[in-house]
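Geometric and topological summary
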Amino acid sequence: MHLIIFSSVLTPRIKYIFNFIFKDILKTEVEFTGNAQYFLQSEQVKISYGEKPLDDEIFFKSSSILFSNKLDEITFKTTLFGEYDVPFPVEKSPLPFDVFAASFFIVTRYEEYLHQKKDEDFKANKSYQYKWKILERPIIDEWALLIKNMIHKKYPKFKFHDKRFVNQPGINFSITPNVPDGFLSKTKFLFSSVFNKENNFLSSKFDLLTGMGVSNETVLADLNGNFEKRQINPLFFINFPNVPDNYIKVNGVSRTLASKNVGLLRPCASDKEKIKEIKTGLSKLKKILPEQINVSSQQLDVLKFPICYLNLLNSGITTDYSMGYPDHPGFRAGTCTPFNWYDLQLEKVTPLLVYSYCQNDGTLQHLTAETIHHSLKDYIDAVKFVNGYFLSNWQLRSLSSHLKYKKLKLAFDEMNRYAGN
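Description of the structure in this document.

About the criteria used
- Residues numbered from 1 in each chain as written.
- Predicted model: local features only at pLDDT ≥ 70, side-chain atom pairs only at ≥ 80, totals over all residues.
- Heavy atoms only, no water.
- Helix = DSSP H or I, 4+ residues; strand = E, 2+ residues; numbered from the N terminus.
- Contact = heavy atoms within 4.5 Å.
- Areas by Shrake-Rupley, 256 points an atom, 1.4 Å probe, with all protein chains shown as cover.
- Salt bridge = Lys/Arg side-chain N within 4 Å of Asp/Glu carboxyl O.
- Buried < 20%, exposed > 50% of the residue type's maximum accessible area, 1.4 Å probe, protein only.
- Phe/Tyr/Trp six-rings, centres within 6.5 Å; stacked < 30°, edge-to-face > 60°.
- Lys NZ or Arg CZ within 6 Å of the ring centre and 35° of its normal.
- 1 Å grid on protein atoms, 1.4 Å probe; cavity = no way out; pocket = protein on both sides within 12 Å on 5 of 7 lines; lining within 4 Å.
- Points joined across faces, edges and corners; volume = space filled by probe spheres on them.
- Pairing = 2+ DSSP bridges.
- Axes fitted to C-alpha atoms, helices over the stretch in contact; angles between N-to-C directions.
- Lys, Arg positive; Asp, Glu negative; His and termini not counted.
- Polar contact = N/O pair within 3.5 Å; in protein donor to acceptor, adjacent residues only side chain to side chain.

**As for the overall build of the chain**
A count of helices and strands for the chain gives 15 helices and 15 strands. Across the chain, every contact between residues at least 6 apart in sequence was considered, and the portion connecting residues at least 24 apart equals 73%. Total accessible area on the chain stands at roughly 20200 Å², and carbon and sulfur atoms take up 51% of it.

**A short note on the pattern of salt bridges**
A side chain of one charge can pair with a side chain of the opposite charge if their charged atoms are brought near each other. Scanning all chains against the criterion turns up ten salt bridges. A salt bridge links Lys163 to Asp141; the nearest nitrogen and oxygen atoms lie 3.9 Å apart. Of this pair, Lys163 sits in the loop between helix H6 (139-154) and strand S7 (166-174) while Asp141 is found in helix H6, placing the two residues 22 residues apart along the sequence. Here Lys163 and Asp141 have matching classes, each one buried. Because the salt bridges share partners, they merge into one network encompassing Arg109, Glu111, Glu112 and Arg332.

**So, the packing of aromatic side chains**
This model, assessed by the stated rule, comprises 34 aromatic pairs. Geometrically, the ring pair formed by Phe88 and Phe105 is edge-to-face, given 6.3 Å between the ring centres and 70° between the ring planes. Linking Phe88 in the loop between strand S6 (84-87) and helix H3 (99-107) with Phe105 in helix H3, this pair joins segments that are 17 residues apart in sequence. Phe105 shares its class with Phe88; the two are buried. Grouped by ring-pair contacts, the aromatic residues Phe18, Phe22, Tyr49, Phe60, Phe67 and Phe100 constitute a single cluster. Above the plane of the ring of Phe165 lies Lys384, whose end atom (NZ or CZ) is 5.5 Å from the centre. When the ring centre of Tyr418 is taken as origin, the NZ or CZ atom of Lys384, which lies over that ring, is 5.3 Å away.

**A closer look at empty space enclosed by the protein**
The tally for this structure, following the rule as stated, stands at three cavities of 30 Å³ or more. For the largest cavity, the calculated volume is near 100 Å³. Forming the boundary of the largest cavity are Ala369, Ile372, His373, Leu376, Lys377, Ile380, Lys407, Leu410, Ala411, Glu414, Met415 and Tyr418. Going through the elements one at a time, helix H14 (369-385) and helix H15 (406-418) are the ones with two or more residues in the lining of the largest cavity.

**Points about the sheet that holds strand S1 (residues 3-6)**
With parallel pairing, four strands are arranged side by side in an open sheet as S2-S1-S3-S4. The two strands at the open ends of the sheet, each matched to only one other strand, are strand S2 (30-33) and strand S4 (58-61). Each neighbouring strand pair of the sheet contributes to a mean axis angle of 20°, computed without reference to strand direction. Inspection of the sheet shows S1 paired to strand S3 (residues 45-50) by four bridges, in the parallel sense. The residue bridging Phe6 from the neighbouring strand is Ser48, located in S3. Where H6 meets the sheet, its contacts fall on S1, S3 and S4, and the angle it forms with S4 comes to roughly 145°.

**Remarks on the sheet that holds strand S12 (residues 339-343)**
In space, the nine strands of this open sheet follow the order S12-S13-S11-S10-S9-S8-S7-S15-S14, with mixed pairing throughout. Looking at which strands have only one partner, the edges of the open sheet turn out to be S12 and strand S14 (359-360). Alignment of S7 against strand S15 (residues 389-395), held across seven bridges, turns out to be parallel. Pairing of Asn172 across the sheet is with Gln395, part of S15. Of the strands in this sheet, S7 and strand S8 (235-239) are in contact with helix H9 (residues 216-230), which crosses S7 at around 170°.

**Side note on the side chain of Glu57**
Mapping Glu57 onto the fold places it in the loop between S3 and S4. For the buried Glu57, no salt bridge exists, and the shortest N-O distance to an oppositely charged side chain is 7.0 Å, to Lys46. A distance of 2.6 Å separates polar atoms of two side chains, one belonging to Glu57 and the other to Ser48. At a separation of 2.8 Å, a polar atom in the side chain of Glu57 contacts the main-chain amide nitrogen of Asp55.

Okay, structure coming up:
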């Protein structure tokens, strides 16, 4: 038995958001039809979406956004739903708003496409989710559970497949280039390290000498022991310095990460010329970790739509972990379930699989230990409730034994214990 969805017009937007909610979040099979007679004769679980119901199926009143194929400005009306506001209010429907239109608007980052016309970064407090007081919730997953309960109420024997909670921290750091062999090469390299701020060789060595730096190799070795004990499968993201490939060599760090999931840190760019830089980064990653096949990425600086994701796809990257705000906790895409990016300019689903993070050590470092504990606990609880992915970001140095990072390292350990790892 599966779900059959009826709409008189089946647009790419409708198919995308219904597939995301029912297949990706609720883990069930979906069939679409625009044939009313076929729908009425079907013995499957029936859901219709439109202006009015056909019979006694579960009916959701539609708004116009999912029937459009243009990126239009939207003048929002909202209605109160429990303790927060929701967009696209409707009447004579199980919910007082068009849950599918609202989910589509949030997960596609519709408002950020419109914002790209402005020459400024998109901040969390500019988002509608922030204004509607739903940024701190995986709200689409919560709405999906409401729909699931409606289906169970009308069709008690219908079964959904199981879904489990996942805790997967992301850890990022910068690679220090190796000093090349030969007098001339060494001289050229050291000269570059003085005048090229992206060659972080001297600064990293100076930090270690003064006790301000940390050894990536040492911290990684310590972490791996803890990860193996707790069965944690972290993600590592590496930022490569702007140096020639022959300055990047297999070393202790790359050997430690040989069997781990490793991706590129900060590969995105706001112009097409930067695709070359992404491919250069991929080349360096393949040099130290030749066994990496499905390369992922993470952008913790400015993430602009759609150019950043287009650049990733054009560079061969198919998985991204950039969906979040580096300076504010919360669910930027309104979900803790991985989703395929929908390009609103081309009006199609892309192969880029997007994972959302909700916590970043940059937002925690200035808080008290007690506040950090409660914040992490609240977000873990929110994701556990919907059996989603709890993804957090940490700089490798934050997890070192350096006294400066004691608070963050303790928070990281407590987070993994509470998450069940």
